[in-house]
Amino acid sequence: MAYNLLKGKKGIIFGALDNKSIAWKVAERAHEEGAEFTLSNTMTALRFGQIDQLAEKCGAEVIPADATNVKDLENVFGRSMEILNGKVDFVLHSIGMSLNVRKKRVYNDLDYNFLNKTLDISAISFHKLLQTAYRMNAINSWGSVVALSYIAAQRTLYGYNDMADAKSLLESIARSFGYIYGREHQVRINTISQSPTLTTAGSGVKGVSGLLDFTERMSPLGNADADECANYCVVMFSDLTRKVTMQNLFHDGGFSNMGMSLKAMKMYNKSLEDPEVDGVE
Ligand SMILES: NC(=O)c1ccc[n+]([C@@H]2O[C@H](COP(=O)([O-])OP(=O)(O)OC[C@H]3O[C@@H](n4cnc5c(N)ncnc54)[C@H](O)[C@@H]3O)[C@@H](O)[C@H]2O)c1
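Residues numbered from 1 in each chain as written. Predicted model: local features only at pLDDT ≥ 70, side-chain atom pairs only at ≥ 80, totals over all residues.

> Can you tell me about the overall build of the protein chain, naming the residues and giving the values?
Within the protein chain, the regular secondary structure consists of 11 helices and 7 strands. Its C-alpha atoms give the protein chain a radius of gyration of 19 Å, near enough to 19 Å, the size a compact globule of 281 residues would have. With respect to the three principal axes, the spread of C-alpha positions in the protein chain is 70 × 45 × 40 Å. Residue burial in the protein chain is summarised as follows: out of 281 residues, 44% are buried. By sequence separation, contacts in the protein chain at least 24 residues apart represent 74% of the contacts at least 6 residues apart. (Helix = DSSP H or I, 4+ residues; strand = E, 2+ residues; numbered from the N terminus. Rg over C-alpha atoms; globule rule 2.2 N^0.38 Å. Buried ≥ 20, exposed ≤ 12 C-beta atoms within 10 Å, placed from the backbone. Contact = placed C-beta atoms within 7 Å.)

Listed below in structure tokens is the structure:
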């Protein structure tokens with residue numbers, strides 16, 4: 001159901017790769033809610049992903065950019081303002097990647113060049129995006145910027161590796177820049193901390209199917225999926241949330257405030273009955 005929540009609003013959506021991407025779902029929902037926007041992703045993603053289909057569906061132009069490259073970001077904001085005929089009202093940063101995860105380098109055996117890349121792509125790119133927008137005065141007053149995060153920023157989750165450090169930094173940037181951008185231009189900046197979700201990036205997380213089952217059992221409302229995340233992003237871009245800023249907003253069915261649930265406890269007890277679990281014959 002559409003509510004015209006973004007009627008007349010203009011934006012930029014970074015990070016739609018294929019139809020499983022969270023950014024893809026956000027683009028579809030933003031389009032349904034009346035927004036006009038441009039899409040951006042890396043040249044590689046444009047070549048191997050399906051973003052052209054999304055662009056056609058939403059009547060959006062695609063502007064290639066490596067989000068770690070400030071010149072590319074300047075081009076995205078400059079071109080977007082030309083195409084959309086003015087400043088934007090919302091921006092989605094839905095970008096993440098770890099070469100340590102991809103190359104199976106565990107947290108106590110990190111490759112530091114990979115770590116630098118993880119931090120640059122998954123967190124510092126958010127600062128670069130915000131600083132570029134700020135310098136170009138590219139976001140309207142009461143505009144809204146959202147980046148996607150994960151609870152590994154606060155709690156240790158097996159296998160999330162150096163992405164946990166990247167998410168902590170991402171959330172910190174949202175607070176630090178949120179103060180300045182709010183004070184100077186009434187622009188709000190938040191992160192949404194999403195449940196584990198089966199996307200290309202999500203599937204890279206070690207033991208993701210077990211993790212999805214665990215968080216599903218632990219969350220009173222169950223895991224939040226990508227469509228539900230898109231709904232939340234749309235609300236955050238709308239005028240209904242004008243005084244929400246510098247927050248990390250959990251969108252996880254309640255997982256972040258749980259310690260143990262009945263459903264998870266039942267599973268745990270069942271596994272204790274399995275003689276192989278702790279090596280007892
Ligand atoms: N899937 C999950 O379980 C989950 C949970 C919480 C948060 N998130 C976050 O959501 C965001 C989107 O991920 P997703 O799950 O939709 O997966 P996805 O793989 O569809 O999206 C990741 C995107 O990052 C883009 N990207 C990578 N390097 C880039 C660069 N240098 N410049 C610009 N773009 C670049 C990729 O091309 C891709 O489009 C990420 O920040 C991810 O960490 C995902």
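From this point, the narrative continues.
> Before we move on, can you summarise the pairing of strand β5 (residues 139-149) with the specific residues and values?
The side chains of a regular strand alternate, first on one face of the sheet and then on the other. Counting buried positions along β5 yields 8 of 11 residues, so the element is predominantly enclosed. Alignment of strand β4 (residues 88-93) against β5, held across 5 bridges, turns out to be parallel. Its bridge partner lying in β5, Val-91 is registered against Val-145. Of the strand pairs in this sheet, β5 and strand β6 (residues 188-194) are connected by 6 bridges, and their pairing is parallel. (Pairing = 2+ DSSP bridges.)

> How would you summarise the environment of Tyr-107 if you had to cite specific residues and measurements?
With respect to the element layout, Tyr-107 can be found in the loop between α5 (99-102) and α6 (112-135). On the basis of neighbour count, Tyr-107 is assigned to the partly exposed category, with 17 C-beta atoms found within 10 Å. The spatial distance from the C-alpha of Tyr-107 to the C-alpha of Met-246 is 29 Å, given a sequence separation of 139 residues. The residues touching Tyr-107, leaving out its near neighbours within four places in the chain, are Asn-161 and Asp-162.

> Could you give an account of the sheet that holds strand β2 (residues 36-41), with specific residues and numbers?
In space, the 7 strands of this open sheet follow the order β3-β2-β1-β4-β5-β6-β7, with parallel pairing throughout. The open sheet is flanked by β3 (62-64) and β7 (248-251), the only strands paired with a single partner. The average undirected angle you get between the axes of adjacent strands in this sheet is 20°. Bridging between strand β1 (residues 10-14) and β2 involves 5 bridges; their strand directions are parallel. Within β2, the residue paired with Gly-11 across the bridge is Phe-37. Along the sheet, helix α3 (residues 51-58) makes contact with β2 and β3, crossing β2 at roughly 175°. α6 contacts β4, β5 and β6 of the sheet and is inclined by roughly 165° relative to β4. (Axes fitted to C-alpha atoms, helices over the stretch in contact; angles between N-to-C directions.)

> Talk me through the site of the ligand; I want residue IDs and the actual numbers.
In the neighbourhood of the ligand, 26 residues make up the surrounding shell, with Ser-21, Gly-96, Thr-199, Ala-201 and Gly-202 lying closest. Broken down by secondary-structure element, the contributors of at least two residues to the shell around the ligand are α1 (22-32), β5 and α8 (200-203). Here the shell around the ligand gets 3 residues from one element, more than from any other, and that element is α8. Its residues assigned to classes, the shell around the ligand shows 12 nonpolar, 13 polar and 1 charged. (Near = placed C-beta within 6 Å. Nonpolar A, V, L, I, M, F, W, Y, C, P; charged D, E, K, R; others polar.)

> I'd like a rundown of the pairing of β6, residues and numbers included.
Counting buried positions along β6 yields 7 of 7 residues, so the element is predominantly enclosed. What you see with β6 is no split at all: Arg-188, Asn-190, Ile-192 and Gln-194 on one side and Ile-189, Thr-191 and Ser-193 on the other are buried throughout. Once the chain exits β5 it traverses helix α7 (residues 163-185) before rejoining the sheet at β6, and the crossover so formed is right-handed. Relative to β7, β6 runs parallel, the two being bridged by 4 bridges. Counterpart to Thr-191 in the pairing with β7 is Asn-248. (Right-handed = clockwise from strand over helix to strand, strands pointing away.)

> Could you give an account of the environment of Phe-255, naming the residues involved and the relevant values?
Residue placement: Phe-255 occurs in the loop between β7 and α11 (262-273). C-alpha of Phe-255 to C-alpha of Tyr-107: the two residues are 148 residues apart in sequence and 24 Å apart in space. Those residues within four positions of Phe-255 in sequence are excluded, and the remaining contacts are Ser-195, Thr-215, Met-218 and Ser-219.

> Please give an account of unusual backbone geometry that cites residues and values.
Phi at Asn-4 takes a positive value of approximately 60°, unusual for a residue other than glycine. Within the secondary structure, Asn-4 sits in the segment before β1. Given 11 C-beta atoms within 10 Å, Asn-4 falls into the exposed group. Although it is not a glycine, Met-246 sits at a positive phi angle of roughly 65°. Note on placement: Met-246 falls in the loop between α10 (226-237) and β7.

> Lay out the environment of Ser-238 with the relevant residues and their values.
With respect to the helices, strands and loops of the structure, Ser-238 is situated in the loop between α10 and β7. The spatial distance from the C-alpha of Ser-238 to the C-alpha of Ala-138 is 18 Å, given a sequence separation of 100 residues. Once residues within four sequence positions are removed from consideration, Ser-238 is found in contact with Leu-5 and Leu-6.

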